[in-house]
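# Report on the structure
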Amino acid sequence: MAVLLNPPGETPPAEGSIGEAHEERADGGMWEHPGLWAALIMIGALVVAGFFLARIFGYG
């Protein structure tokens, strides 16, 4: 059986590797929360649908 030079789970160093750790970008705030946008779209669709239902049943 081969002798492991690196502990299990660690990536062995590669010859000639130029890769560096990258900095994580800042959180985009509310712009990166699709649930918020999906909820706003759904609420808007329900308001428009409610308007048409009200018109059909004689309200407004």
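Model, not experiment: these values are computed from the prediction.

Each helix and strand counted, the protein chain has one helix and zero strands in total. Residue burial in the protein chain is summarised as follows: out of 60 residues, 0% are buried. In the structure as shown, the protein chain presents an accessible area of about 6,200 Å², 67% of it carried by carbon and sulfur atoms.

Glancing now at the UniProt feature "transmembrane region" (unreviewed entry) in the protein chain. Mapped onto the present numbering, the UniProt feature "transmembrane region" (unreviewed entry) falls on residues 36-57. Within residues 36-57, the helical portion is 95% and the strand portion 0%, while the C-alpha atoms at the span's ends are 31 Å from each other.

Our next topic: helix H1 (residues 34-56). Between its first and last C-alpha atoms H1 spans 33 Å; for 23 residues at 1.5 Å apiece the expected length is 33 Å, and the two agree. Positioned one or two residues after H1, Gly58 has a phi angle of 90 degrees, which is positive.

Counted under the stated rule, the structure contains one aromatic pair. Each ring, one from Phe51 and one from Phe52, has its centre 5.4 Å from the other, and the planes form 75 degrees; the classification is edge-to-face. The exposure class assigned to Phe51 is partly exposed, which follows from its relative accessible area of 49%.

Cut-offs and rules
- Residues numbered from 1 in each chain as written.
- Predicted model: local features only at pLDDT ≥ 70, side-chain atom pairs only at ≥ 80, totals over all residues.
- Heavy atoms only, no water.
- Helix = DSSP H or I, 4+ residues; strand = E, 2+ residues; numbered from the N terminus.
- Buried < 20%, exposed > 50% of the residue type's maximum accessible area, 1.4 Å probe, protein only.
- Areas by Shrake-Rupley, 256 points an atom, 1.4 Å probe, with all protein chains shown as cover.
- UniProt positions renumbered as here; feature names shortened; annotations may be inferred.
- Expected span 1.5 Å × (residues − 1).
- Phe/Tyr/Trp six-rings, centres within 6.5 Å; stacked < 30°, edge-to-face > 60°.

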